[in-house]
Amino acid sequence: MSYNILSQDLLEDNSHLYKHCRRPVLHWSFRFPNILKEIKHFDADVLCLQEVQEDHYGTEIRPSLESLGYHCEYKMRTGRKPDGCAICFKHSKFSLLSVNPVEFYRRDVPLLDRDNVGLVLLLQPKIPSAASPAICVANTHLLYNPRRGDIKLTQLAMLLAEISSVAHQKDGSFCPIVMCGDFNSVPGSPLYSFIKEGKLNYEGLAIGKVSGQEQSSRGQRILSIPIWPPNLGISQNCVYEVQQVPKVEKTDSDLTQTQLDKTEVLVTAEKLSSKLQHHFSLSSVYSHYFPDTGIPEVTTCHSRSAITVDYIFYSAEKEGVAGQPGAEVALVGGLKLLARLSLLTEQDLWTVNGLPNENNSSDHLPLLAKFRLEL
C-alpha cells in the first residue's frame, strides 16, 4: 500500500484547500481512527506512508502499527518540517536487511534547498524452503512546487541512485524493486515518462512543464544542461559516480599536455548531454484512465484539484508475448502484478463531498497492489 495520510500540520497550514469539508472531519482525533481502520482492513504486507507527522508517529501511528504486527522505519524531512516518509512491513513476512534514508537537501548544492526525503529498504521475504531474492522497497514524497521541475528531476535522480546502489546484486542484476510515493507529477508528464521509459531528453523543456501539474509555462526558463552540478556525484544515468581524479604520476613524463587536453574535452562533452537515463524496467500498477470511459483516475482531491500524483511502480521485464502485444511477463525473480484496488474519478469523489470526508480521512486515496514474487 502507498498512502499519503495528510499531516495535520499541513492540513491546518493549507486550510483553504479544505473549505468544502465539515469541520469535525478535519480533526486528527477523527481522522486517525479512520486511517487506521483502512490500514487494518486492507492488511497489506508492506505500507509506504507519506506526510507522517513526527509527533503523531511517535505517540500513535507507530505504536498502533506495531500492535498490528508491523515493523516501522521512518525518515523525517530535514529542516523544520515535522513530517516524513515511513515504510512499515509485517515481520511475519519479511526480515530487514538494510535501511537507507535519502535526504534531498544538500548544503553544497544551491539547487537542492528543499527538505524532501526518501527511504529505501532492502527486505528478505521469509519463505520456508526456498531461496528468495531480496526485495527493494522505496518510498518518497517529491517537492510540490509545480514550477520547479529542475528540483523534482534531481530529487528523483537521487532516489534512483540510492535504489540502484541498494538493489544491486552480486551478479550485476537488480533485485525486484517497488517504488512508491507522492511524486507530485501527473501521468504522461516528462517526469512520469522518464520513470516508465528509462530515458528523457530534456533539451528545451520549461521547468514548469516537467510535472504537468500546471498548463501554462509562459515566461519560464528552460532546464539547464546539465540539470544538476557534477559535485552532486550522480551521473546522467542516475547512479552514484566514483569521483575520478586523473592520476598523474610524477615519473610519468609520457603523459603529454595534448593527451590531458583531450581527456578534458571528452569529459566536458559527456557531461553536457541533455539525456537522462536509468537502468530499471518499471511499470505502473495503475493505468490512470478507466478503460471503458477514458475518464482519468484520481489519487488526490481537494478544493483546488483532482489528479493522479501517487504511484506504485514495480520492476517488470517488458517482454512482448507472441500474439499478445503489450503483454508483460515478469522474469524469474521478478514481480507479477495480480490485483490492484480500484481508484475513483473526480465525479465519484464529489458525490461524497470530496476528500477528506466522513469515511476517507486524507486528501489522497490509498493505492494498493498485490504481487506474486516469481522465484
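Computed from a prediction, not measured in an experiment: that's the story for all the values here. (Residues numbered from 1 in each chain as written. Predicted model: local features only at pLDDT ≥ 70, side-chain atom pairs only at ≥ 80, totals over all residues. Heavy atoms only, no water.)

### Some details on the state of the cysteines
Inspection of every chain in the model, using the stated rule, returns zero disulfides. The thiol of Cys88 is unpaired, and the distance to the nearest cysteine sulfur, on Cys72, comes to 3.5 Å. Accessibility expressed as a relative area gives 0% for Cys88, which makes it buried. Looking at Cys180, it has no disulfide partner, and the nearest cysteine sulfur is the one in Cys48, 3.8 Å off. The class of Cys180 is buried, set by a relative accessible area of 4%. (Disulfide = S-S within 2.5 Å. Buried < 20%, exposed > 50% of the residue type's maximum accessible area, 1.4 Å probe, protein only.)

### Points about the sheet that holds strand 2 (residues 46–53)
Pairing in this open sheet of four strands is mixed, and the strands run 1-2-4-3 from one edge to the other. Here the strands that pair on one side only, and so sit at the sheet edges, are strand 1 (2–4) and strand 3 (70–76). Across this sheet, the average inter-strand angle for adjacent strands is 20°, counted without regard to direction. Strand direction decides the pairing type here: strand 1 and strand 2, joined by three bridges, are parallel. Directly across from Tyr3, in strand 2, lies its bridge partner Leu49. Running over the sheet, helix 3 (residues 54–67) touches strand 2, strand 3 and strand 4 (83–90) and is turned about 165° from strand 3. (Pairing = 2+ DSSP bridges. Helix = DSSP H or I, 4+ residues; strand = E, 2+ residues; numbered from the N terminus. Axes fitted to C-alpha atoms, helices over the stretch in contact; angles between N-to-C directions. Contact = heavy atoms within 4.5 Å.)

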